[in-house]
Amino acid sequence: MEKIIKGKAFVLGNNIDTDQIIPAEHLVYSLTDQNEAKKYGEFALSGVPISQSGLPQGNIKFTQTGNWKSEFSIIIGGSNFGCGSSREHAPFALQVAGVQAIVAESYARIFYRNSVDGGFLVPLESNEKLNNEIKTNDEIEISLENYTLKNLTANKYYALKPLGDVLPIVEAGGLFEYARKTEMIK
Amino acid sequence: MGMTITEKIFSKSSGKKNLTPGESVWLNVDTLMTHDVCGPPTIGIWKKEFGDKAKIWDKNKLVIFPDHYIFTANKHANRNVEILREFAKEYSVDNYYDVGTERYKGVCHIALAEEGYNVPGTVLIGTDSHTCTSGAFGMFSTGVGNTDAAFILGTGKIWEKVPETMKFTFTGSMPNYLTAKDMILAILGDITTDGGTYRALEFDGEGVFSLSMDERMTLTNMAIEGGAMNGIIAADEVTENYVKARGVYEYEIFRSDDDAKYHSKYNYDLNLLEPLVAKPHSPDNKDLVRNVKGTKLTKCYIGSCTGGKLSDFQFAAKVLFGNKVKVPTFVVPASTQVAKELDVETFKGLSLKKILEDAGCVIAQSSCAACLGGPDDTIGRAVDKDVVISTTNRNFPGRMGSKKSEVYLASPLTVAASAVNGYITDPRDFLK
Ligand code: SF4
């Protein structure tokens, strides 16, 4: 696990559900075929209404048409991030697009588990509402050592909540890696 | 100190006597369910992680229902079903319900109940967020992603945090213009879409125990719309009769202790509730049907694991009998069993199927269909600026197809009444 995560912020509103993260019509692609899996990056966050995409001004596309990598690697959300379906395609799509961490006020349970157990990205919780503090395109640095978020563009610091129970799984890089490390499975 | 039903099942399944909400435990899974969208990636992860030694922990405990993208020409969707078919063959998975055969069932959560996989007191995990539906049978059931499912497939185990429980008690008796859908929409409006996150929702009271299993499943089905880990209703005689009729005789009934500790308690009087809708674009955007009465519609939809059960069509038929729909109305029986029953069950001497057909509804084959939009050729899919009223469970932007569409969620009574008028209508106008 990287202790420092640096990148550009992409800011979203509350209740970003899995249909907005990856619309259901795209769930047909293979997750294991490397070429086909790029589709998930291309369509990541394509279900977010464009006016709400890349706050505060909106109308910012997360990935450019035909591209599967996004220039944004940190997502700043509000409350209940990832609500809706159980599709693991959601954190997977974000990972394919290059997202390393999400900072939100709260998460839906299944999305949170999937992010951690699949080792796709690090879901962090903020103490305060950051999606009206941080702007899309701001340069962000997250430290997993002391759980802080630095907004390098605005020169502001915020505290994040410790990962707690799931830290060993995050550190191992996912549930299977964790289970092997602890000899639950061989 | 006393325990809730959910805590008791956690205790039994984890082998730990004393549990505190918030602590993580490893549960032994009794049943693992998957479908065509999440099955193939689950199998993929399982093969990759366990390699050549990959072994199903207990193949009798694995159940596979292809149900999401079935009647489509989309080649990727069909490939997914193909992957399940080959997997079932290679590993001799008996509990596989293949498309295009007599065994094909339709929507997994309803099929689980009908085929006797819902067993009071057990732990059922599924790769679908609405797996919480099975909680209507006094069991712990919840949805997970592919990695967790792949882990279970190889080990039979899952880590979970012991949830706190929120209790919802309904008193009074059910008026003829209400259904369980109105009850759950009332709750969701009160607790919002994240009010139940990481918690159990327990439904209680005479208003709940007077319901059929179909209707109880509507309550637990939408627990996830409140963000909850699970929904649960203690098993009673109605539950026992249902499972026994499906060959299940071994089960354990848990009830919450009187001194169990709850996160919070909510009380509802059925006689004071009115028909409700969830307005676009969230299941917690509650309003009274009479406040949005007159909203012009372009489509109506009666289907899904929430609103495509036999009881839902019994409700709809009451309103549709002798009437004609004014806007395209899609009927999607959740399972092939429900589809068969439409032919057999009658209202005022006519079969439900005849009533629905005479009213001008389009009856589709059993599957998830447009509940989750699906490929372009999915029947009933919301297109462009459709305004839809639906008995399904989610109305997030784009859920039923087009991002520009607007979806109202309501009971089958309200949807049927609205279909007849072509605009949102209070079912009381038809049930005088
Ligand atoms: S009917 Fe809808 S909610 Fe139910 S399992 Fe299918 S897609 Fe999910």
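As a convention, each chain's residues are numbered from 1 in the sequence order in which they are written. The naming scheme follows written order: chains are lettered A onward, ligands numbered 1 onward. Owing to the predicted nature of the model, reporting of local features is limited to residues with pLDDT of at least 70; listing and counting of side-chain atom pairs is limited to 80 or more, with chain, interface and lining totals taken over all residues. Water and hydrogen atoms play no part in the side-chain values, which are based on all heavy atoms of the structure.

**Side note on the interface of chain A and chain B**
Should any heavy atoms of two residues lie within 4.5 Å, those residues are counted as being in contact. Contacts between chain A and chain B engage 45 residues on the former and 47 residues on the latter. Of the roughly 3,700 Å² buried between chain A and chain B on both sides combined, carbon and sulfur atoms contribute 57%. Of all residues in chain A, Arg109, Arg113 and Phe176 of chain A bury the most surface against chain B, accounting for 20% of the area lost on that side. Should a side-chain nitrogen of Lys or Arg be within 4 Å of a carboxyl oxygen of Asp or Glu, the pair is scored as a salt bridge. Applying the counting rule to chain A against chain B returns 7 salt bridges. A salt bridge links Glu25 of chain A to Arg381 of chain B, with the nearest nitrogen and oxygen atoms 3.5 Å apart. In protein, a polar contact means a hydrogen-donor-capable atom and an acceptor-capable atom, both N or O and within 3.5 Å, with residues adjacent in sequence counting only if both atoms are side-chain atoms; elsewhere, any N or O pair within 3.5 Å suffices. Run the count over chain A and chain B and you get 23 residue pairs in polar contact (both at pLDDT 80 or more). When two components associate, each loses some accessible surface as probed by a 1.4 Å sphere; the sum of these losses over both components is called the buried area.

**Things to note about the sheet that holds strand β5 (residues 139-143) of chain A**
Strands in a sheet are paired, the pairing made by backbone hydrogen bonds, and the direction either parallel or antiparallel. Residues and elements named next belong to chain A. Judged by pairing direction, the sheet is mixed, and its 7 strands sit side by side in the order β4-β3-β2-β1-β5-β6-β7 without closing on themselves. Edge strands, defined here as strands with exactly one partner in the open sheet, are β4 (122-125) and β7 (156-159). Pairs of neighbouring strands in the sheet enclose a mean axial angle of 30°, with direction left out of account. Bridge count between strand β2 (residues 74-76) and strand β3 (residues 101-104): 3 bridges; the pairing is parallel. Each residue of the ladder has a partner; that of Ile75, found in β3, is Ile102. Pairing between two strands requires that DSSP report at least two bridges joining them. Numbering goes from the N terminus for both helices and strands, where a helix is a DSSP run of H or I of at least four residues and a strand is a run of E of at least two. Axis definition: a line fitted to C-alpha atoms, limited for helices to the stretch in contact. Angles are taken between N-to-C directions and run from 0 to 180 degrees.

**Re the sheet that holds strand β2 (residues 31-34) of chain B**
Residues and elements named next belong to chain B. If you trace the 4 strands from one edge of the open sheet to the other, you get β3-β2-β4-β5, paired in parallel fashion. Two strands bound the open sheet, and with one partner strand each, they are β3 (62-64) and β5 (140-143). In this sheet, neighbouring strand axes are inclined to one another by 20° on average, regardless of whether the strands run parallel or antiparallel.

**So, the packing of helix α2 (residues 39-50) of chain B against helix α5 (residues 146-155) of chain B**
All names here are of chain B. Look at α2 against α5: their axes get within 8 Å of each other, and the N-to-C directions meet at 55°. Classed by the angle they form, the pair α2 and α5 counts as oblique. By crossing handedness, the relation of α2 to α5 is classed as right-handed. Counted together, Pro41, Thr42, Ile45, Trp46 and Phe50 of α2 and Asn146, Thr147, Ala149, Ala150, Leu153, Gly154 and Thr155 of α5 form the full contact between these two elements. Across the contact of α2 with α5, the residue classes tally to 7 nonpolar, 5 polar and no charged. In these notes the angle categories are as follows: under 35 degrees is roughly parallel, over 145 is roughly antiparallel, 65 to 115 is roughly perpendicular, and the rest is oblique. Left-handed is the label given to a crossing in which the near helix is rotated counterclockwise from the far helix by less than a right angle, and right-handed is the label when the rotation is clockwise. Think of it as three bins: nonpolar holds Ala, Val, Leu, Ile, Met, Phe, Trp, Tyr, Cys and Pro, charged holds Asp, Glu, Lys and Arg, and polar takes everything else, Gly as well.

**Observations regarding unusual backbone geometry**
Note the cis peptide between Leu55 of chain A and Pro56 of chain A, where omega equals 5°. Looking at the secondary structure, you find Pro56 of chain A in the loop between α2 (34-42) and β2. Of note, the bond from Pro280 of chain B into His281 of chain B is cis; its omega dihedral lies within 30 degrees of zero at -5°. On the secondary structure map, His281 of chain B appears in the loop between β11 (276-278) and β12 (286-288).

**Focus on the site of the ligand**
Residue proximity to a molecule or strand is established when one non-hydrogen atom of the residue lies within 4 Å of it. The environment of the ligand is made up of His68, Val107, His109, Asp128, His130, Ser304, Cys305, Cys368, Cys371, Leu372, Asn393 and Arg399 of chain B. Taken together, the residues of the shell around the ligand break down into 5 nonpolar, 5 polar and 2 charged.

**Points about the packing of aromatic side chains**
Geometrically, a pair of aromatic rings is defined through the distance of the ring centres and the angle of the planes. Note on aromatic contacts: the rings of Phe and Tyr and the six-membered ring of Trp form a pair at centre separations within 6.5 Å, being stacked when their planes are under 30 degrees apart, edge-to-face when over 60 apart, and tilted otherwise. What the rule picks out here adds up to 26 aromatic pairs over all chains. Judged by centre distance (4.9 Å) and plane angle (50°), the rings of Phe10 of chain A and Phe72 of chain A are tilted. In this pair, Phe10 of chain A is assigned in strand β1 (residues 4-11) and Phe72 of chain A in the loop between α2 and β2, connecting sequence segments 62 residues apart. Like Phe10 of chain A, the residue Phe72 of chain A is buried in the burial classification. The interplanar angle of 5° and the centroid separation of 6.4 Å between the aromatic rings of Tyr107 of chain A and Phe111 of chain A together place this pair among those described as stacked. Per residue, the accessibility class of Tyr107 of chain A equals that of Phe111 of chain A, and both read buried. Connected via pairs of aromatic rings, a cluster forms that spans Tyr29, Tyr40, Phe92 and Phe120 of chain A. Lys161 of chain B extends its terminal NZ or CZ atom over the ring of Tyr198 of chain B, reaching a point 5.2 Å from the ring centre. Put simply, a charge is over a ring when the Lys NZ or the Arg CZ is close to the ring centre, within 6 Å, and near the line of the ring normal, within 35 degrees. Positioned above the aromatic ring of Tyr242 of chain B is the side chain of Arg246 of chain B, whose terminal nitrogen or guanidinium carbon lies 3.6 Å from the ring centre. When accessible area is computed with a 1.4 Å probe and restricted to protein chains, residues below 20% of their type maximum are described as buried, those above 50% as exposed, and intermediate ones as partly exposed.

**A short note on the domain arrangement of chain B**
Residues and elements named next belong to chain B. When the domains of chain B are assigned, the result is domain 1 (5-247 + 263-268) and domain 2 (276-429). Listed per partner, the contact involves 38 residues of domain 1 and 40 residues of domain 2. Summing both partners gives a buried area of about 3,200 Å² for domain 1 against domain 2, and 60% of it is carried by carbon and sulfur. By the criterion of area lost to domain 2, the three top residues of domain 1 are Phe71, Lys181 and Leu185, representing 17% of everything that side buries. Each domain's extent was defined by an automatic or database domain assignment.

**Side note on the environment of Ser311 of chain B**
On the secondary structure map, Ser311 of chain B appears in helix α12 (residues 310-320). Apart from the residues within four sequence positions on either side, Ser311 of chain B is in contact with Asp214 and Glu215 of chain B.

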